[in-house]
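# Survey of secondary and tertiary structure
In case you want the letters, here they are:
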There are 4 protein chains.
Amino acid sequence: MDLKTSIEERFKGLPPELLGMQLTEVTADKVVATLQVRAELCTTGRILHGGAIMAFADTLGAVGTMVNLPQGAGTATIESKTNFVGGAAAGTTITGEATPVHKGRTTQVWQTRVSGADGRLVALVTQTQIVLPPRG
Amino acid sequence: MDLKTSIEERFKGLPPELLGMQLTEVTADKVVATLQVRAELCTTGRILHGGAIMAFADTLGAVGTMVNLPQGAGTATIESKTNFVGGAAAGTTITGEATPVHKGRTTQVWQTRVSGADGRLVALVTQTQIVLPPRG
Amino acid sequence: MDLKTSIEERFKGLPPELLGMQLTEVTADKVVATLQVRAELCTTGRILHGGAIMAFADTLGAVGTMVNLPQGAGTATIESKTNFVGGAAAGTTITGEATPVHKGRTTQVWQTRVSGADGRLVALVTQTQIVLPPRG
Amino acid sequence: MDLKTSIEERFKGLPPELLGMQLTEVTADKVVATLQVRAELCTTGRILHGGAIMAFADTLGAVGTMVNLPQGAGTATIESKTNFVGGAAAGTTITGEATPVHKGRTTQVWQTRVSGADGRLVALVTQTQIVLPPRG
């Protein structure tokens, strides 16, 4: 089972699956996923809810960190910052691409660009993941 | 129909309902809601997913802004920042309390404290909402 | 020599002194300082430069963390977020009050409210400090 | 007088000059500057103070916005977020490169990468500038 499939297995029944996000690329320096903008993920204005965007991106940054963890270590998001710059309408598909800003021993920082179908930027998310050492 | 009920009506079939959040107080200076930490909202570690926390808080800050908008105006979140400081375990209930940092003509800034059942802080969310003037 | 004086000694010739900030209270749960808005700290519009506000607040959050560190430990700011909500005019004095959001073993989070002479909020700063264990 | 020189003129006696920052490139899509890490801009640990880094970057993002403003409009930073990922030692020179994330009618978002002499990332700053319409 490859890395992408094994991560999808772990996400069964959890928020990434509820969102309906599809991982399309998982490497140590890039994590990509797509998400269909279903009506139930939208605001009253029928554009993708900011919360759904942040949940989508948070997952990408966490996966990127996981791929880079030392054996046995864990991770948690300690802070996350999003700039919302454009809407994603119901019925379209967004793409998130997470790349590392910093891979440290105690923290990793990942940034995710969320783009619409036309390639226009929807949101930019920067998050810090703490590296939790293996339990002794 | 009171304000709280009318907001809940508008949220039918949208992320706030999917999350299962319950508004308990909606005034011009405070918006409070609770959320049951269901397993499907959790990470693989069975604590509430950061994305769910951000979606929950985002809704509170947006509701607070809406209550303070001039007649006919709209709002959108333009940026949001979360510090995660504690976990909320599956089966517990969290409470979010949003209060205004700034109520301006062009932007509003709201801060939401998300606490666990024992009152301990889970996350602190600060978000900026843009005020969209009524369409002419 | 009390805590406040000993910190001021350490800041001699460094940015807090260059800014001209005056610590007025240093405890484990609150750090307060004032700053005179000199013309050279302003923007072209003669209001306090955002960079000066962030430098001022950063120092307060770092001092608050230092007061709470275990013996021999150090600290560094790993991230900082500011919302600017009002201007502080040249010739006035601002006050910054930092309080802890979270005092953990690996990180501390502090929030600083910067207010103008009339008590109105100028900026809200939230920062994460990493706790660096004593060198062995 | 070119754009760079005219900006430097406006900064005389203000924080950018106090910091000692030198603009090296100013276009509609990139603003670059360098800064010598003088001892007085450092922390007690003789690395560049976070406040100096944020003031440096804030200026770059504001200049980038100014270059893109409609005739007669002004701008102010409404929020700024920094991740600090590495130190810059006294005696070295840092470079900041600001590029636009979003150029909207009501807000612009700029991101500044601050790097050390060896090209390693020191900090990543993302800031939102509000566009203030010309006064009638």
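Residues numbered from 1 in each chain as written. Chains lettered and ligands numbered in written order. Predicted model: local features only at pLDDT ≥ 70, side-chain atom pairs only at ≥ 80, totals over all residues. Heavy atoms only, no water.

### Quick notes on the side chain of A:Gln111
- When you line up the elements, A:Gln111 lands in strand β5 (residues 107-115).
- Residue classification places A:Gln111 among the buried residues on the basis of a relative accessible area of 11%.
- Within polar-contact distance, the side chain of A:Gln111 engages the side chain of A:Thr126 at 2.7 Å.
- When sequence neighbours within four positions are dropped, the list of residues in contact with A:Gln111 reads A:Glu97, A:Ala98, A:Thr99, A:Val101, A:Leu124, A:Val125, A:Thr126, D:Gln111 and D:Leu124. (Helix = DSSP H or I, 4+ residues; strand = E, 2+ residues; numbered from the N terminus. Buried < 20%, exposed > 50% of the residue type's maximum accessible area, 1.4 Å probe, protein only. Polar contact = N/O pair within 3.5 Å; in protein donor to acceptor, adjacent residues only side chain to side chain. Contact = heavy atoms within 4.5 Å.)

### Observations regarding the relation of the copies chain D and chain C
- Least-squares fitting of chain D to chain C yields an RMSD of 0.0 Å, with the superposition described by an axial translation of 0.0 Å and a rotation of 180°. Given the turn and translation reported, the copies of this chain are related as if by a two-fold rotation axis. No C-alpha of chain D lies nearer the rotation axis than that of D:Lys81, which sits 2.2 Å from it.
- Most of the interface of chain D is mirrored in chain C, where 96% of its interface residues are also at the interface. (Least-squares fit on C-alpha atoms with pLDDT ≥ 70 in both.)

### A few points about empty space enclosed by the protein
- In total, this model carries one cavity of 30 Å³ or more according to the counting rule given.
- In this structure, the largest cavity spans a volume of roughly 40 Å³.
- Along its surface, the largest cavity is lined by A:Ile78, A:Glu79, B:Asn83, B:Phe84, B:Val85, C:His102, C:Thr107, C:Val109 and C:Thr128.
- Those elements that place two or more of their residues in the lining of the largest cavity are β3 (74-84) of chain A, β3 (74-84) of chain B together with β5 (107-115) of chain C.
- Split into classes, the residues belonging to the lining of the largest cavity amount to four nonpolar, four polar and one charged. (1 Å grid on protein atoms, 1.4 Å probe; cavity = no way out; pocket = protein on both sides within 12 Å on 5 of 7 lines; lining within 4 Å. Points joined across faces, edges and corners; volume = space filled by probe spheres on them. Nonpolar A, V, L, I, M, F, W, Y, C, P; charged D, E, K, R; others polar.)

### As for the interface of chain D and chain C
- Contacts between the two partners involve 27 residues from chain D, matched on the other side by 26 residues from chain C.
- Of the roughly 2,100 Å² buried between chain D and chain C on both sides combined, carbon and sulfur atoms contribute 62%.
- Between chain D and chain C we count two salt bridges in total.
- The salt bridge partner of D:Lys81 is C:Glu79, with a shortest N-O separation of 3.3 Å.
- Summed over the shared surface of chain D and chain C, the result is eight residue pairs in polar contact (both at pLDDT 80 or more). (Buried area = accessible area lost by both parts, 1.4 Å probe. Salt bridge = Lys/Arg side-chain N within 4 Å of Asp/Glu carboxyl O.)

### Describing the relation of the copies chain B and chain A
- With an axial shift of 0.0 Å and an RMSD of 0.0 Å, the rotation relating chain B to chain A amounts to 180°.
- Most of the interface of chain B is mirrored in chain A, where 100% of its interface residues again form contacts.

### Thoughts on the pattern of salt bridges
- Applying the stated rule across the entire model yields 28 salt bridges over all chains.
- Here D:Glu8 makes a salt bridge to D:Lys4, at a shortest N to O gap of 3.8 Å. One end of the pair is D:Glu8 and the other is D:Lys4, both in helix α1 (residues 3-10) and four residues apart, which spans about a single turn.
- Taking relative accessible area as the criterion, D:Lys4 reaches 26% and is therefore assigned partly exposed.
- Linked by salt bridges that have partners in common, A:Glu79, B:Lys81, C:Glu79 and D:Lys81 make up one network.

### Digging into the nonpolar core
- Grouped together as the largest cluster of nonpolar side chains are 57 residues, with contacts concentrated most on C:Leu48, C:Phe56, D:Leu48 and D:Phe56.
- Beyond its immediate chain neighbours, meaning those up to four positions away, C:Phe56 contacts C:Leu19, C:Met21, C:Ala33, C:Thr34, C:Leu35, C:Ile94, C:Thr95, C:Gly96 and C:Val114. (Core = buried A, V, L, I, M, F, W, Y, C linked by side-chain atoms within 4.5 Å.)

### Brief notes about the interface of chain B and chain A
- Residue-level contacts link 27 residues of chain B with 27 residues of chain A.
- Carbon and sulfur atoms supply 62% of the area that chain B and chain A bury against each other, a total of about 2,100 Å² over both sides.
- Here chain B is connected to chain A by two salt bridges.
- Counting every contact that joins chain B to chain A gives eight residue pairs in polar contact (both at pLDDT 80 or more).
- Listing elements by their share of the side of chain B that touches chain A, those giving two or more residues are α2 (15-19), α3 (50-67) and β3 of chain B.
- No other element matches the eight residues that β3(B) contributes to the side of chain B that touches chain A.
- In this sheet, β3(B) lies alongside β3(A) in antiparallel orientation, the contact comprising five bridges. Paired with A:Lys81 across the strands is B:Lys81, a residue of β3(B). (Pairing = 2+ DSSP bridges.)

### Digging into the sheet that holds strand β2 (residues 31-36) of chain C
- Taken together, 12 strands build an open sheet; the order of strands is β1(C)-β2(C)-β4(C)-β5(C)-β6(C)-β3(C)-β3(D)-β6(D)-β5(D)-β4(D)-β2(D)-β1(D) and the sheet is antiparallel. The open sheet has two edge strands with one neighbour each: β1 (22-26) of chain C together with β1 (22-27) of chain D. In this sheet, adjacent strand axes meet at a mean angle of 20° when their direction is disregarded.
- Relative to strand β4 (residues 93-103) of chain D, strand β2 (residues 30-36) of chain D runs antiparallel, the two sharing six bridges. Bridge pairing links D:Val31 to D:Ala98 in β4(D).
- Along the sheet face, helix α3 (residues 50-67) of chain D touches β3 (74-84) of chain C together with β1, β2, β3 (74-84), β4, β5 (107-115) and β6 (121-132) of chain D and points at about 45° away from the line of β6(D). (Axes fitted to C-alpha atoms, helices over the stretch in contact; angles between N-to-C directions.)

### Examining the environment of B:Leu124
- Within the fold, B:Leu124 resides in strand β6 (residues 121-132).
- When neighbours within four sequence positions are excluded, B:Leu124 is seen to be in contact with B:Lys81, B:Thr82, B:Asn83, B:Gln111, B:Thr112, B:Arg113, C:Val101 and C:Gln111.

### With respect to the packing of helix α3 (residues 50-67) of chain A against α3(B)
- Two numbers describe how α3(A) lies on α3(B): the axes approach to 8 Å, and their chain directions differ by 160°. As the angle between them shows, α3(A) and α3(B) are arranged roughly antiparallel. As α3(A) packs across α3(B), the resulting crossing turns out to be right-handed. Only B:Gly50, B:Gly51, B:Met54, B:Ala55 and B:Asp58 of α3(B) make contact with α3(A), whose side of the interface consists of A:Gly50, A:Gly51, A:Met54, A:Ala55 and A:Asp58.
- Across the contact of α3(A) with α3(B), the residue classes break down as four nonpolar, four polar and two charged. (Parallel < 35°, antiparallel > 145°, perpendicular 65-115°, else oblique. Left-handed = near helix turned anticlockwise from the far one by under 90°.)

### A word on the side chain of B:Thr65
Residues and elements named next belong to chain B.
- Topologically, threonine 65 is positioned in helix α3.
- From its side chain, threonine 65 meets the backbone oxygen of glycine 61 in a polar contact 2.9 Å long.
- Filtering out sequence-adjacent residues up to four positions away, threonine 65 remains in contact with Thr75, Gln108, Trp110 and Gln129.

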